Amino acid sequence: MKVFKSLNHNPDLSLALGFFDGVHLAHQKLISHAVDFAKENSKKSAVITFETNPSNYFRKDKVHNISANEERLERIEALGVDFAYVLDFEEFMQMEALEYLQDVLIMCFSPCCIVTGFNHKFGRAREGDTKLLAKYAEKFNYKYIELPAQKIQNCLISSSNIRDMILNGHIRNANLLLGHSFSIKNNVVKGNMLARKLGYPTANIFWPNNIIHLPHGVYFGYVTVDKTYLAVINWGKKPTFGEDGEEVLEAHILNFDSKIYGKIIKVMFLMKIREEIKFPDFDTLRKQIEEDVQTVMKLSRLS
């Protein structure tokens, strides 16, 4: 997939429009419609998206993303998309909806197909919608596909619902709607080495500021370094060690003993197994970690 940070002339594309935060199951279906149409008609497909979340321009409270841009693009590429346009939203937010359709989408891409979700909005003050795209389909000679609301167990698959689930610690439900595991990716940094002295060395990374936070606690999950390993994951302030302030994400990777400082790892969350606790001494903490490892191993056999 070729990624562009600005517009160019690339005609006859099948377009998928949206921010696609998390690239959840509904996003996957939407993008696949655009890809399938392109393949069936011997065309190329493209996603038109933005560098920053457009929601932050219309809400007072900051919207934290489900996934970093790098992961978002990796998941879009995995769906078979040929091109991704990652644009600066501020350059287009004051354009009227019809102006954006004519002077950006039609002029640059002459699309053979446009696919959006049922609640897609665009243009100044979010005045453009699915009705406008359907209205001008014949005039501008494109097929318009509107993906209806997608649900699982009567729950709407949406980025906002997934954010709420993550924020409230309902990680299994969030993953169900995502169609993949919520994850954090960053460079491994040096910690205080106390976990190693307990016999349970950890890989420590910082949680990116723009990514939605899970509640503090201990989680069952996996870590990808070069391969993927089972892990006990702690997210919090390590109160037993007397560290009160800086939050850190640390993963004890099972059956792994390599030095990976500076390497990028991916930490994937599957289930919360307990709250973060301040233990009276290190021996009590060590015994609890032993139990956590056994819990995670049992859960891995069941999953």
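Keep in mind the model is a prediction, meaning the values are calculated, not measured.

*Asks:* Looking at this structure, how should I read the sheet that holds strand β2 (residues 13-17)?
*Replies:* In sheet architecture, strand pairing relies on hydrogen bonds along the backbone and comes in two forms, parallel and antiparallel. The strand order across the open sheet formed by six strands is β1-β4-β3-β2-β5-β6, and the pairing between neighbours is parallel. Bordering the open sheet on either side are β1 (2-4) and β6 (143-147), each of which pairs with just one other strand. When the angles between neighbouring strand axes are averaged without regard to direction, this sheet yields 20°. Taken together, the five bridges between β2 and strand β3 (residues 44-50) define a ladder with parallel strand orientation. Following the sheet pairing, Ser14 is matched in β3 by Ser45. Along the sheet, helix α1 (residues 25-40) contacts β2, β3, β5 (113-117) and β6; its crossing angle with β2, the most-contacted strand, is approximately 170°. Against the sheet, helix α2 (residues 69-78) contacts β1, β3 and β4 (83-87), and its axis sits at roughly 160° relative to β3.

*Asks:* Help me out: how do you make sense of the pattern of salt bridges in this one?
*Replies:* A side chain with one charge may pair with a side chain of the opposite charge, provided their charged atoms come close. All told, the structure shown has twelve salt bridges when counted by the stated rule. Among the ionic pairs, Lys5 bridges to Glu51, the shortest N-O distance being 3.7 Å. Remark: Glu51 occurs in the loop between β3 and α2 and Lys5 occurs in the loop between β1 and β2; sequence separation between them is 46 residues. A relative accessible area of 34% means that Glu51 is categorised as partly exposed. Two residues, Lys185 and Glu74, come together in a salt bridge whose shortest N-O distance is 3.4 Å. A residue pair is termed long-range when its members are at least 10 positions apart, and Lys185 in strand β9 (residues 183-187) and Glu74 in helix α2 qualify at 111 residues. The network of salt bridges with common partners includes Glu70, Glu74 and Lys185.

*Asks:* What am I meant to see in the layout of surface pockets here?
*Replies:* One number sums up the size of the largest pocket: a volume of about 960 Å³. Lining the largest pocket we find 39 residues, and of these Gly18, Phe19, Asn119, His120 and Lys121 sit closest to its centre. Elements supplying a minimum of two residues to the lining of the largest pocket: α1, β3 and α5 (159-167). Broken down by class, the residue content of the lining of the largest pocket amounts to 20 nonpolar, 13 polar and six charged.

The rules behind these values
Residues numbered from 1 in each chain as written. Predicted model: local features only at pLDDT ≥ 70, side-chain atom pairs only at ≥ 80, totals over all residues. Heavy atoms only, no water. Pairing = 2+ DSSP bridges. Helix = DSSP H or I, 4+ residues; strand = E, 2+ residues; numbered from the N terminus. Axes fitted to C-alpha atoms, helices over the stretch in contact; angles between N-to-C directions. Contact = heavy atoms within 4.5 Å. Salt bridge = Lys/Arg side-chain N within 4 Å of Asp/Glu carboxyl O. Buried < 20%, exposed > 50% of the residue type's maximum accessible area, 1.4 Å probe, protein only. 1 Å grid on protein atoms, 1.4 Å probe; cavity = no way out; pocket = protein on both sides within 12 Å on 5 of 7 lines; lining within 4 Å. Points joined across faces, edges and corners; volume = space filled by probe spheres on them. Nonpolar A, V, L, I, M, F, W, Y, C, P; charged D, E, K, R; others polar.

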